[in-house]
Amino acid sequence: MSTLTRDDWAAAALEVIASGGGIAAVAVEPIAARLGSTKGSFYWHFRSRSDLIEAALLRWERLATLDVITHIDGTGLDAEGRLRALFEHTFQPRQLMGADMALLSHTDLAVVRTTIDRVTKRRIDYVANLLREIGLPTHVARRRAVLGYSAFLGNLQLAHASPDLLRRSVGSMKEYTDEVLAMLISDRRHPDSVVAAPG
């Protein structure tokens, strides 16, 4: 029996994806060599390459979304504090250089599209729930959660395409985070002043 676990293989595959190789770079023999193992170990844990890709995607979902939410919720902070902690974590340069961008370029693959859809919904729902807890009406909280997630995606794109431009434009990431948060939670103390949703 191999000493490698299924998660070891999934972690190696996710590293290959995140390093710029994308889904196309997930190949059994090179990953086996990377792990100092053999194809036999692979077939102990997986039926096929597609099975490995799915495991890598589930690992990404857990590490980049589910574990982050669990950690933020475990801080004991109020809703505004949790929202700040989330954005401070999300806007760190090392977070912007993770697997998200590589996976967004493979949405033509059904398994990637399904995973990204699920992760996107979970992330937006979490932010919307925090904004509702802060005091924003449901429809406003949802729109602003989408706005906040759009800021993350924009930073993600800039970090990959024009990292120097991002640094020059944003300057202090803390000040930038403060501005994004201020925009998201404006009118929270006077929710009745927020324009009602049409219809």
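Residues numbered from 1 in each chain as written. Predicted model: local features only at pLDDT ≥ 70, side-chain atom pairs only at ≥ 80, totals over all residues. Heavy atoms only, no water.

Caption draft 1: How the structure looks around the nonpolar core. In this structure, Leu83, Phe87, Phe91 and Leu131 are the most contacted members of the largest nonpolar core, which totals 30 residues. Listed by contribution, the elements that provide at least two residues to this core are helix 4 (49-73), helix 5 (79-90), helix 8 (110-134), helix 9 (138-161) and helix 11 (173-185). Core analysis: the second largest hydrophobic core is formed by 27 residues, Ile23, Val26, Ile53 and Val112 among them. (Core = buried A, V, L, I, M, F, W, Y, C linked by side-chain atoms within 4.5 Å. Buried < 20%, exposed > 50% of the residue type's maximum accessible area, 1.4 Å probe, protein only. Helix = DSSP H or I, 4+ residues; strand = E, 2+ residues; numbered from the N terminus.)

Caption draft 2: Geometry of the environment of Arg123. Topologically, Arg123 is positioned in helix 8. What makes Arg123 buried here is its relative accessible area of 12%. C-alpha of Arg123 to C-alpha of Thr65: the two residues are 58 residues apart in sequence and 6.9 Å apart in space. The contacts of Arg123, once residues within four sequence positions are left out, are Trp60, Ala64, Thr65, Asp100, Tyr149 and Phe152. Among the polar contacts listed, one links the side chain of Arg123 to the side chain of Asp100, at a separation of 2.9 Å. (Contact = heavy atoms within 4.5 Å. Polar contact = N/O pair within 3.5 Å; in protein donor to acceptor, adjacent residues only side chain to side chain.)

Caption draft 3: Fine view of the environment of Thr65. Tracing the chain through its elements places Thr65 in helix 4. Note: C-alpha distance between Thr65 and Thr120 (55 residues apart in sequence) is 9.2 Å. When sequence neighbours within four positions are dropped, the list of residues in contact with Thr65 reads Trp60, Val119, Arg122 and Arg123. A polar side-chain atom of Thr65 sits 2.9 Å from a polar atom in the side chain of Arg123.

Caption draft 4: Geometry of the side chain of Arg144. Here Arg144 lies in helix 9. Judged by relative accessible area, Arg144 falls into the buried class, the value being 14%. Here the side chain of Arg144 touches Ser186 through a polar contact of 2.6 Å, landing on its backbone oxygen. Setting aside chain neighbours within four positions, we find Arg144 in contact with Leu131, Leu136, Met183, Leu184, Ile185, Ser186 and Asp187.

Caption draft 5: Structural detail: the pattern of salt bridges. On inspection of all chains with the given rule, the structure shows 15 salt bridges. Between Lys39 and Glu29 there is a salt bridge, with its nearest N and O atoms 3.6 Å apart. With a gap of 10 residues between them, Lys39 in helix 3 (residues 39-45) and Glu29 in helix 2 (residues 28-35) connect regions that are remote in the sequence. Here Glu133 makes a salt bridge to Arg82, at a shortest N to O gap of 2.7 Å. Taken as a pair, Glu133 in helix 8 and Arg82 in helix 5 lie far apart in primary sequence, 51 residues in all. Taken together, the salt bridges that share partners define one network made up of Asp7, Arg59, Arg62 and Asp67. (Salt bridge = Lys/Arg side-chain N within 4 Å of Asp/Glu carboxyl O.)

Caption draft 6: Here's a closer look at helix 5. Between the first and last C-alpha of helix 5 there are 16 Å, a value that for 12 residues agrees with the 16 Å anticipated at 1.5 Å per step. Taken together, the buried positions of helix 5 are Ala79, Gly81, Arg82, Leu83, Ala85, Leu86, Phe87 and Thr90. (Expected span 1.5 Å × (residues − 1).)

Just distances and angles here, no functional claims.
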